[in-house]
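Examination of the molecular architecture
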Amino acid sequence: MAEFTKRVFSGIQPSGGLTLGNYLGAIKRFVDMQEADFETIYCMVDLHAITTWQDPSDLARNTRELCAGFIASGIDPEKSILFNQSQVPEHTQLAWIFNTVARMGWLNRMTQFKDKAGKNRENASVGLFAYPALMAADILIYHATHVPVGEDQKQHLELTRDIAMKFNHDYGEEFFPITEPVIEGAATRVMSLRDGSKKMSKSDASDMSRINMTDDADAIAQKIRKARTDPDALPSEVDGLEERPEARNLINIYAALADMDVDNVLRDVGGKQFSEFKPMLADLAVAKLSPISTEMARLMEAPDEIDRILARGAQSAREVAAPILKRTYEIVGMVGA
Ligand code: AQP
């Protein structure tokens, strides 16, 4: 088996404002991995965002705000490569090769396409269907070995592994690593505050369904107060959360924000009513999130500085990506590669 540098890649779409789901499921882990023994590359995946309609001025603003969110949460552009996808054309160049490797049957099984395309599948963009091949290219253009993501991206990472294996097999060379998903922590799937069966999402029509990283203390407290719950007191053990998706969600959020195990949280709050627990959760959320939102607002006052960080990051990213694309072209048999 070939040896690969321990390298992390992950991305977030600038398809709206950052949510608590993105923060707990993804960004918090990105920061942990930046501080551990990995090279880290993080990306605002603007080319993914446009697979569903984005107003151009919103897209530009959301991309800068997302960059501000990364930095405010602890991603250091001196330690991690931070950039937006469209500035590194090697992603789309490799994606084309992967479009020829991935099979229709594989993409047809992707649940995110089914969820996002909804009933009117004929009207979904071709890009939305081909999204997972671009995601595989995002990861493999850096030979990334580890990808921290939320639970909802697991299927796409399996597809990335399938693409790498098929490419390596078809061309007879162990060129792409078989990437490991990193799906860890108490909040790998943060659910909507209005419906415990639906994932918290930046594009949900209801703003009350999510906590945005830019929400102020009053908005956070109000959303948690109004979060859907059941009438029972909280259990003292994890088994007691079964069949109680809303209670489980709020406990998971608390555990992830407090960096505690769910067992320990339940030991502390078991027996409490939601009327007592919700203010505790709101206080914790405000304490953890308000320094981030304040810093995001400060960074957003200097969009030129954000653009400079993204341009520098893109240059560093291209230095890693270009030789990998060149070698891919050679392996495939492209003249002049
Ligand atoms: N609710 C969530 N809980 C835990 N992790 C989550 N992630 C997203 N939502 C949750 C993780 O955040 C990273 C970036 O996701 P994305 O922006 O690429 O797209 P998404 O998964 O489709 O997120 P959204 O918020 O639902 O965006 P829209 O509404 O545009 O589709 C990923 O690692 C994801 O797992």
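As shown above, the structure is provided for reference.
In this report, we go over the structure that sits alongside the text. The model shown is predicted, which means the values in this text are computed figures rather than measured ones.

The number of helices and strands found in the protein chain is 13 helices and 5 strands. On C-alpha atoms alone, the protein chain measures out to a radius of gyration of 21 Å, which is about the 20 Å that the 2.2 N^0.38 rule sets for 337 residues. In terms of overall dimensions, the protein chain has C-alpha extents of about 70 × 45 × 45 Å along its principal axes. A burial count over the protein chain gives 52% of its 337 residues as buried. Sequence separation of at least 24 residues holds for 76% of the intrachain contacts in the protein chain that already meet a minimum separation of 6. Carbon and sulfur atoms make up 48% of the accessible area of the protein chain, which totals about 15600 Å². One finds the centroid of the 38 positive side-chain charges in the protein chain at a distance of 4 Å from the centroid of its 50 negative side-chain charges.

Summed over the entire model, instances satisfying the criterion amount to 12 aromatic pairs. An angle of 10° between the planes, with centres 4.5 Å apart, marks the rings of phenylalanine 30 and tyrosine 42 as stacked. Taken as a pair, phenylalanine 30 in helix H1 (residues 20–35) and tyrosine 42 in strand S2 (residues 39–44) lie far apart in primary sequence, 12 residues in all. Residue phenylalanine 30 shares its accessibility class with tyrosine 42, and that shared class is buried.

As a further point, take the side chain of threonine 328. Structurally, threonine 328 can be placed in helix H13 (residues 303–332). For threonine 328, a relative accessible area of 0% gives the class buried. Within the structure, the side chain of threonine 328 is placed 2.6 Å from the backbone oxygen of isoleucine 324, a separation counted as a polar contact. Apart from residues no more than four positions distant in its own chain, threonine 328 is found in contact with Leu94, Phe167, Phe175 and Phe176.

Here the focus is the site of the ligand. What surrounds the ligand is a group of 22 residues, the closest being Lys116, Asp152, Ser201, Lys202 and Ser203. The contact in question runs from an oxygen atom of the ligand to an N or O atom on the backbone of glycine 150, over 2.8 Å. Lysine 199 places a polar side-chain atom, nitrogen or oxygen, 2.9 Å from an oxygen atom of the ligand. Expressed as a share of its isolated accessible area of 640 Å², the protein-covered part of the ligand is 97%. Elements that contribute at least two residues to the shell around the ligand include exactly strand S1 (7–12) and H1. Among the elements that make up the shell around the ligand, the one with the highest residue count is H1 (4 residues). Its residues assigned to classes, the shell around the ligand shows 6 nonpolar, 11 polar and 5 charged.

This paragraph deals with the pairing of S1. With 5 of its 6 residues buried, S1 lies for the most part within the structure. Judged from the 6 bridges that link them, S1 and S2 form a sheet pairing that is parallel. In the strand pairing of S2, serine 10 is matched with tyrosine 42. After leaving S1, the chain enters H1 and then returns to the sheet as S2, a path that is right-handed.

The full count for this structure, using the stated rule, is 23 salt bridges. Across the salt bridge formed by arginine 318 and glutamate 90, the nearest N and O atoms sit 3.1 Å from each other. One end of the pair, arginine 318, is in helix H13; the other, glutamate 90, is in helix H4 (residues 90–101), and 228 residues separate them in sequence. Ionic pairing is found between aspartate 215 and lysine 223, a salt bridge with its closest N-O pair at 2.7 Å. There is no split in this pair, since aspartate 215 and lysine 223 are both buried. A cluster of three or more residues bridged by salt bridges with shared partners is formed by Glu173, Lys326, Arg327 and Glu330.

Conventions used here
- Residues numbered from 1 in each chain as written.
- Predicted model: local features only at pLDDT ≥ 70, side-chain atom pairs only at ≥ 80, totals over all residues.
- Heavy atoms only, no water.
- Helix = DSSP H or I, 4+ residues; strand = E, 2+ residues; numbered from the N terminus.
- Rg over C-alpha atoms; globule rule 2.2 N^0.38 Å.
- Buried < 20%, exposed > 50% of the residue type's maximum accessible area, 1.4 Å probe, protein only.
- Contact = heavy atoms within 4.5 Å.
- Areas by Shrake-Rupley, 256 points an atom, 1.4 Å probe, with all protein chains shown as cover.
- Lys, Arg positive; Asp, Glu negative; His and termini not counted.
- Charge placed at Lys NZ, Arg CZ, Asp CG, Glu CD.
- Phe/Tyr/Trp six-rings, centres within 6.5 Å; stacked < 30°, edge-to-face > 60°.
- Polar contact = N/O pair within 3.5 Å; in protein donor to acceptor, adjacent residues only side chain to side chain.
- Near = heavy atom within 4 Å.
- Nonpolar A, V, L, I, M, F, W, Y, C, P; charged D, E, K, R; others polar.
- Pairing = 2+ DSSP bridges.
- Right-handed = clockwise from strand over helix to strand, strands pointing away.
- Salt bridge = Lys/Arg side-chain N within 4 Å of Asp/Glu carboxyl O.

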